[in-house]
Amino acid sequence: MRRRTTYLGILTFLVISMSAQATPFTDEAAWRTAVGNVFAFENFDSIVAGTSITQLPALGIAFDPLNDGSQPTVQAYAQTGGMVRSSPNNLLNDSDFSLPGRGPYNMRAINPADLVFGVGLWNVGGDDQLRMTFFDSADNIVEQVVSASGIGFFGIVNPLGGTRVQIDFVGGNGYAPVDDLQTAVRGTFEPNPVPEPTSLSLVAVALGTWASARRRVRT
């Protein structure tokens, strides 16, 4: 019985270690699979252009002010330029279309008791790259992912959850239109991480070892 308990402990440790890894994505379908295809979605097309965004209650997130104290705004592609993902609107870190932009986006769960464990969105700037960073409660970096240049999906799934999620810039002019924002916030959704092949192999070895030890104990 003691040996059986030991192997169960090893198996539990491996599974927890595997699922605790934050996973970056540049493929939307893979990101959606990783959150179990249960997520909230906003394409900003039903929001009036020019609206300042402080919260998106359906997504469970709130936005911190930008560097100048203003909020991100919904704007029409006709004003922001870039590559169209879903017309007519996108989200912009500016309000008067002046360059450079007014700083990075910072998102948090509306409910302080919740955590954000999945964020995905599209960079539609047309040229610059964007970077997503998950931070923990001590403001330490958990994981990062960088978008493609021009237009492209990027996202993170982190089963431990992030307290703050920042979207900032890799070079460029800091002007960052984004679209098709998708979130999974703890308290509303449950994580369903996709294990990496190496992690699956470790679990398989642990299961085999535990099963073998169990057979010996019974004998």
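Scroll up to find the structure this text is about.
## Brief notes about the pairing of strand β9 (residues 129-135)
β9 sits mainly inside the fold: five of its seven residues count as buried. Pairing analysis gives five bridges linking β9 to strand β10 (residues 141-146), with the strands arranged antiparallel. The partner of Thr 133 across the bridge, within β10, is Gln 144. Here β9 folds back onto β10, and the loop between the two strands holds five residues, one of which, Asp 139, carries a positive phi near 65°.

## Side note on the sheet that holds strand β4 (residues 61-63)
Read across the open sheet, the six strands follow the order β3-β4-β7-β12-β9-β10; overall the sheet is antiparallel. At either margin of the open sheet sits one strand with a lone partner, and together these are β3 (55-56) and β10. Two strands pair when backbone bridges link them, and β4 and strand β7 (residues 105-109) are joined in this way by three bridges, in the antiparallel orientation. By the bridge assignment for β7, Ile 61 is matched with Ala 109.

## Overview of the packing of aromatic side chains
The way to describe two aromatic rings as a pair is by their centre distance and the angle between their planes. Under the defined criterion, the tally for this structure stands at four aromatic pairs. Taking the centre distance of 6.5 Å and the plane angle of 65° together, the rings of Phe 63 and Tyr 105 count as edge-to-face. Taken together, the residues span a long stretch of sequence, with Phe 63 in strand β4 and Tyr 105 in strand β7 at a distance of 42 residues. Judged by relative accessible area, which is 6%, Phe 63 ranks as buried. Ring-pair connections join several aromatic residues into one group, and the members of that group are Trp 31, Phe 39, Trp 122 and Phe 153.

Scoring rules and cut-offs
Residues numbered from 1 in each chain as written. Predicted model: local features only at pLDDT ≥ 70, side-chain atom pairs only at ≥ 80, totals over all residues. Heavy atoms only, no water. Buried < 20%, exposed > 50% of the residue type's maximum accessible area, 1.4 Å probe, protein only. Helix = DSSP H or I, 4+ residues; strand = E, 2+ residues; numbered from the N terminus. Pairing = 2+ DSSP bridges. Phe/Tyr/Trp six-rings, centres within 6.5 Å; stacked < 30°, edge-to-face > 60°.

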